[in-house]
Amino acid sequence: MEFRQLQYVLQIAEERNFSRAADKLHIAQPSLSQQLSKLEKEIGVLLFQRTTNSVEMTHAGEVFVDRAQKILDSMEQLRKEMSDISQTKAGKVTIGTMPITGSHILPHVVPQFHKRYPDIDFVLTEEPSTSNLIKMTAQGKIDLCLLSLPIHEESLSYEPIVEEEIFLAVPKEHALYKSYIEHREPVDLELVQEESFISLKKGQGFRQITIDLCREAGFEPKVVFESSNIETVQSLVASGMGIAFVPSLIATAPRSEFVPAYIPIQYRPSRKLVLAYRTGRYMSKAAEAFMETLKDTVAVQFSDRVRAVLQPAKPTE
């Protein structure tokens, strides 16, 4: 059994297609098929069921893929550990994030990180699905991942980064906003149970926060429109299509048009952003350096916006 054969099997399992797997591995498809057949003959079991239209893993294949992933990850951890022992300043760190969350935080962090550690390669993986990011982090494909709590994957640990208040975004002509301007009182969510909600799509972490906040208030949200982009959600709210929940770092970001009004919620709900990593996995010096830089940068760059979480700015008409 060869090391490269493990990589071949994992790529086939991920693509479920020999042609795409061969392209990703930069080898010819006949060579890939030959290597797989050679491996299956050596270990005495069939790893994949092949038909004209599909490639499916057998039970043996599922077991093999699970063990192979752990072997390759252990090899990568060993490489990183030996690199750190050699006291080299070079290295690589792979960071995962959802596109919008990353766009509001990483432009402040990455330049500082590069300035401090110019010889460390920074690799960014953007993925719109929270569940996919969690899976990639659990598999060791990502060193650190910027996520929001809760995280239900038991194999992951995390370091807290920032806690931000969640506001109710409404059109500026909405009656609740006019009431807030007059009385300066946070909104009771029981008042919005008949409202139309605009939400992120399923699979994104903040979508679940929307559902949970409404359920805690005793109702199911009437979601009339879904988007994969929180900026689109805000623009639709501003244009009068409905209401939505928005975290403060997004709400306080500068925009030129289609800006909704924001109202604090009665019991001041919040979300926590964290850097997640696989429990027990060796954390390289490069990953430690990025985590340190992120914490330092958030403390400085976002201090005013974090304070705005606790004392929201007075809205204008």
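Owing to the predicted nature of the structure, the values given are computational and were not obtained by experimental measurement. (Residues numbered from 1 in each chain as written. Predicted model: local features only at pLDDT ≥ 70, side-chain atom pairs only at ≥ 80, totals over all residues. Heavy atoms only, no water.)

Draft legend 1. Representation of the packing of helix 2 (residues 18-25) against helix 3 (residues 29-43). Two elements in contact, helix 2 and helix 3, have axes separated by 9 Å at closest approach and are oriented at 100 degrees. Of the possible angle classes, the one that applies to helix 2 and helix 3 is roughly perpendicular. Each of F18, S19, A21, A22 and L25 in helix 2 lies in contact with helix 3, whose residues at this interface are Q29, L32, S33 and L36. Among the residues making up the contact of helix 2 with helix 3, the classes are represented as 6 nonpolar, 3 polar and no charged. (Axes fitted to C-alpha atoms, helices over the stretch in contact; angles between N-to-C directions. Helix = DSSP H or I, 4+ residues; strand = E, 2+ residues; numbered from the N terminus. Parallel < 35°, antiparallel > 145°, perpendicular 65-115°, else oblique. Contact = heavy atoms within 4.5 Å. Nonpolar A, V, L, I, M, F, W, Y, C, P; charged D, E, K, R; others polar.)

Draft legend 2. The arrangement of the side chain of Q204 in detail. Along the polypeptide, Q204 turns up in the loop between strand 7 (196-200) and helix 8 (205-216). What makes Q204 buried here is its relative accessible area of 8%. Among the polar contacts made by the side chain of Q204, one reaches the main-chain carbonyl oxygen of S228 at a distance of 3.2 Å. For Q204, the contacting residues outside a window of four places in its chain are M98, P128, T130, S227 and S228. (Buried < 20%, exposed > 50% of the residue type's maximum accessible area, 1.4 Å probe, protein only. Polar contact = N/O pair within 3.5 Å; in protein donor to acceptor, adjacent residues only side chain to side chain.)

Draft legend 3. Quick peek at the packing of aromatic side chains. Per the counting criterion, the structure on display carries 6 aromatic pairs. What links up through ring pairs into an aromatic cluster is the set F113, Y117, F122 and F290. Over the face of the ring belonging to Y180 we find R184, whose NZ or CZ atom lies 4.6 Å from the ring centre. (Phe/Tyr/Trp six-rings, centres within 6.5 Å; stacked < 30°, edge-to-face > 60°. Lys NZ or Arg CZ within 6 Å of the ring centre and 35° of its normal.)

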